[in-house]
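Letter by letter, the chains look like this.
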Amino acid sequence: MLAKAKEAWDQEHVNTQEEKQKYLSERVPHCNTQGLGREALQELCQELHEKVGIVDEERYDIEAKVLHNTREIQDLKMKVLDLRGKFKRPALRRVRVSADAMLRALLGSKHKVSMDLRANLKSVKKEDTEKERPVEVSDWRKNVEAMSGMEGRKKMFDAAKSPTGQ
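Residues numbered from 1 in each chain as written. Predicted model: local features only at pLDDT ≥ 70, side-chain atom pairs only at ≥ 80, totals over all residues. Heavy atoms only, no water.

(A) Spatial organisation of the overall build of the protein. When its secondary structure is counted, the protein shows 6 helices and 0 strands. In the protein, buried positions account for 2% of the 166 residues. Roughly 17,800 Å² of accessible area belongs to the protein as shown, and the carbon and sulfur atoms make up 56% of that amount. (Helix = DSSP H or I, 4+ residues; strand = E, 2+ residues; numbered from the N terminus. Buried < 20%, exposed > 50% of the residue type's maximum accessible area, 1.4 Å probe, protein only. Areas by Shrake-Rupley, 256 points an atom, 1.4 Å probe, with all protein chains shown as cover.)

See below:
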């Protein structure tokens, strides 16, 4: 498996070298300097120097853009990590909203009918509830004596089990 990987890597390296040579042969014309005078060679050198300067400027600009983009990517990654670690779910609070306000929020201005949910509730007077519960006043000593034996525990169990225990 390692041999196959090494072979693939070598083949990729050879392919990149071939592509580089092909690209250079297309982009850079062969420079024939034989039979040129001193002034012609100097002009050719000046042209090549100007072209090299232009290419260096472009390379520098591209490197600056790449450096800027990598810094920006790094900053964004740090922000994402900070947000992922620090985010906490807020505690939910109970909000009291009337039925009318809720319908207005859901339906908007279309809601015309007011809805009073408390109107349908049955009114209960405090006096009625107190009258329904009979209060037994008894001697506590008799109650303790009755509960002291096994029969008392059975009575307590039965009283807790039945709905009319109290």
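(B) Molecular detail of the confidence of the model for the protein. Counting all residues, the mean pLDDT for the protein is 79, and 66% of those residues have values of 70 or more. The spread of mean pLDDT over the elements of the protein runs between helix α4 (residues 126-132), the lowest at 60, and helix α1 (residues 2-27), the highest at 93. (pLDDT = per-residue confidence, 0-100.)

(C) Examining the pattern of salt bridges more closely. Considering all chains together, one arrives at 3 salt bridges under this definition. The salt bridge partner of Asp-10 is Lys-6, with a shortest N-O separation of 3.4 Å. Of this pair, Asp-10 and Lys-6 both sit in helix α1, 4 residues apart, which is roughly one turn of that helix. Three or more residues are tied together by salt bridges with common partners; here these are Asp-56, Arg-59 and Glu-63. (Salt bridge = Lys/Arg side-chain N within 4 Å of Asp/Glu carboxyl O.)

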